Amino acid sequence: MSSESAVSAVPAVSSPPAALYGGASKRRVTVRDIAAAKERHEKWPMVTAYDAMTAGVFDEAGIPVMLVGDSAAMVVYGYDSTLPVTVDDLIPLTAAVVRGSSRAMVVADLPFGSYQASPQQALETAARFMKEAGAHAVKLEGGHRVLPQVELLVSAGIPVMAHLGLTPQSVNALGGYRVQGRGQAGDELMADAKALEHAGAFAVVLECVPTDLAQRVTASLSIPTVGIGAGPYTDAQVLVWQDLMGLTPQPAKFVKKYFDLAGEMDRAVRAYADEVVAGVFPTPDHSYR
């Protein structure tokens, strides 16, 4: 046997898969990477992003999935709920996040009124996010009532992240921001989750549901669950970045404040203002000659 034959006869050793969070690869995270993480029981973080510079910071940190959420209605546009934000509001934000990142999967929220009417409406809206903004996936809220939308989007090649539990676009029907899925409602949520998986969703967000229910749903699905106020047993977690950085004045119970960005911004802008008033800024180091 020649040396070349001997080398070719040795089976190639495949390298272990890179961790979803903090991976070194610069290629985009895909739905296959998300599915593989579920198979190896790897947890991963998702955060919201709404602009290129913030997205760049999160991307460099290794965040594998970024959501351009309809929460932009409140944290970007100043509304008191997610309902007023439009497709035209969110497409420029989504495009900015895509341009500002190189590795993270960017998921675009389909806003209220842009997909509920029919599967065709959902396809037209999702296509705009994919074509005009470069989104890699979309997210929509609801269970059995949106199964036709999910099926059509998936058949058209658009990855869909589902959203159950507290669905903010239905806050008026739900009677406010309350925990969902207690008692019989938990069985209904479980059925919705399984139906969404069958329809082709690649992941499902569980918002403000009891911990034990989230754990049971996670164990019953082959697709990953993403928790927000759903306890520690989901496959992934998501938070609005302004919440976790301490910009939100009164965050929800499920939010952990990782930094006092509001306080740091207040100190910085006051220092700047004081120096301007005192005439000590700009100095020669900050002036041209």
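Residues numbered from 1 in each chain as written. Predicted model: local features only at pLDDT ≥ 70, side-chain atom pairs only at ≥ 80, totals over all residues. Heavy atoms only, no water.

A word on the packing of helix H5 (residues 87-100) against helix H6 (residues 119-133). Close contact between H5 and H6 brings their axes to 9 Å; oriented N to C, the two are set at 40°. Considering their axes alone, H5 and H6 lie oblique with respect to each other. Considering only the axes of H5 and H6, their crossing is right-handed. In this structure, H5 uses Val87, Asp88, Leu90, Ile91, Thr94, Ala95 and Val98 to contact H6, whose residues at the interface are Thr125, Arg128, Phe129, Glu132 and Ala133. (Axes fitted to C-alpha atoms, helices over the stretch in contact; angles between N-to-C directions. Helix = DSSP H or I, 4+ residues; strand = E, 2+ residues; numbered from the N terminus. Parallel < 35°, antiparallel > 145°, perpendicular 65-115°, else oblique. Left-handed = near helix turned anticlockwise from the far one by under 90°. Contact = heavy atoms within 4.5 Å.)

On to helix H9 (residues 184-199). Counted at 1.5 Å a residue, the expected span for H9 with its 16 residues is 22 Å, and the 23 Å between its end C-alpha atoms agrees. Of all the residues in H9, the buried ones are Gly186, Leu189, Met190, Asp192, Ala193, Ala195, Leu196, Glu197 and Ala199. Where H9 is buried, its residues touch helix H7 (147-155), strand E5 (160-165), strand E6 (203-207) and helix H10 (211-220). Downstream of H9 by one or two residues, Gly200 has phi in the positive range, about 115°. (Expected span 1.5 Å × (residues − 1). Buried < 20%, exposed > 50% of the residue type's maximum accessible area, 1.4 Å probe, protein only.)

A few words now on the UniProt feature "binding site: 3-methyl-2-oxobutanoate" (unreviewed entry) in the protein chain. As annotated in UniProt, the feature "binding site: 3-methyl-2-oxobutanoate" (unreviewed entry) corresponds to Asp70, Ser71, Asp109 and Lys139 in the numbering used here. Considering the C-alpha atoms alone, the annotated residues occupy 70 residues of sequence yet fold into one spot, their largest mutual distance being 12.5 Å. Mapped onto the secondary structure, Ser71 falls in the loop between strand E2 (65-68) and helix H4 (72-75). Among all residues touching Ser71, those that are not within four sequence positions of it are Thr48, Tyr50, Thr82 and Val240. Looking at the secondary structure, you find Lys139 in strand E4 (residues 137-139). If near-sequence neighbours (up to four positions away) are discounted, Lys139 is found in contact with Leu67, Val107, Ala108, Asp109, Leu110, Met161, Ala162, His163 and Val205. (UniProt positions renumbered as here; feature names shortened; annotations may be inferred.)

Residues given the UniProt feature "active site" (unreviewed entry) here are Glu207. Once you skip the residues sitting within four places of it in the chain, Glu207 turns out to touch His163, Leu164, Gly165, Leu166, Pro168 and Ile228. Separated by 2.9 Å, the side chains of Glu207 and His163 make a polar contact. (Polar contact = N/O pair within 3.5 Å; in protein donor to acceptor, adjacent residues only side chain to side chain.)

Our next topic: the pattern of salt bridges. Summed over all chains, the structure comprises ten salt bridges. Between Asp33 and Arg27 there is a salt bridge; the shortest N-O distance is 2.9 Å. Overall, the relative accessible area of 17% leaves Asp33 in the buried class. A relative accessible area of 48% means that Arg27 is categorised as partly exposed. For the salt bridge of Asp260 with Arg267, the shortest nitrogen-to-oxygen distance reads 4.0 Å. (Salt bridge = Lys/Arg side-chain N within 4 Å of Asp/Glu carboxyl O.)

What follows is about unusual backbone geometry. Following Phe281, the chain continues to Pro282 via a peptide bond in cis, the omega torsion being 5°. Among the structural elements, Pro282 can be located in the segment after helix H12 (261-278). Unusually for a residue other than glycine, His41 sits at a positive phi of about 60°. You can see His41 is positioned in the loop between helix H2 (31-39) and strand E1 (44-48). Owing to a relative accessible area of 73%, His41 belongs among the exposed residues under this scheme.

Looking now at the side chain of Thr225. You can see Thr225 is positioned in strand E7 (residues 225-228). Here the side chain of Thr225 touches Thr218 through a polar contact of 2.7 Å, side chain to side chain. Other than its neighbours up to four places away in sequence, Thr225 contacts Val204, Leu206, Val217, Thr218, Thr234, Asp235 and Ala236.

The biggest cluster of nonpolar side chains holds 61 residues, and the ones touching the most others in it are Met66, Phe129, Leu153 and Leu206. Among the elements that make up this core, the one with the highest residue count is H5 (seven residues). Those residues in contact with Leu153 that sit more than four places away from it in its chain are Ala122, Leu123, Ala126, Val138, Leu140, Ile158 and Val160. The next biggest cluster of nonpolar side chains, apart from the first, holds 19 residues, and it includes Ile34, Val65, Val205 and Ala236. (Core = buried A, V, L, I, M, F, W, Y, C linked by side-chain atoms within 4.5 Å.)

Turning our attention to the sheet that holds strand E3 (residues 105-109). Strand pairing in a sheet takes place through backbone hydrogen bonds and is either antiparallel or parallel in direction. Strand order in the closed barrel made by the eight strands is E1-E2-E3-E4-E5-E6-E7-E8, with parallel pairing throughout. When strand polarity is set aside, the average angle formed by the axes of neighbouring strands in this sheet is 25°. Relative to E3, E2 is paired through four bridges, and the arrangement is parallel. Each bridged residue has a counterpart across the sheet, and for Val65 the counterpart in E3 is Met105. (Pairing = 2+ DSSP bridges.)

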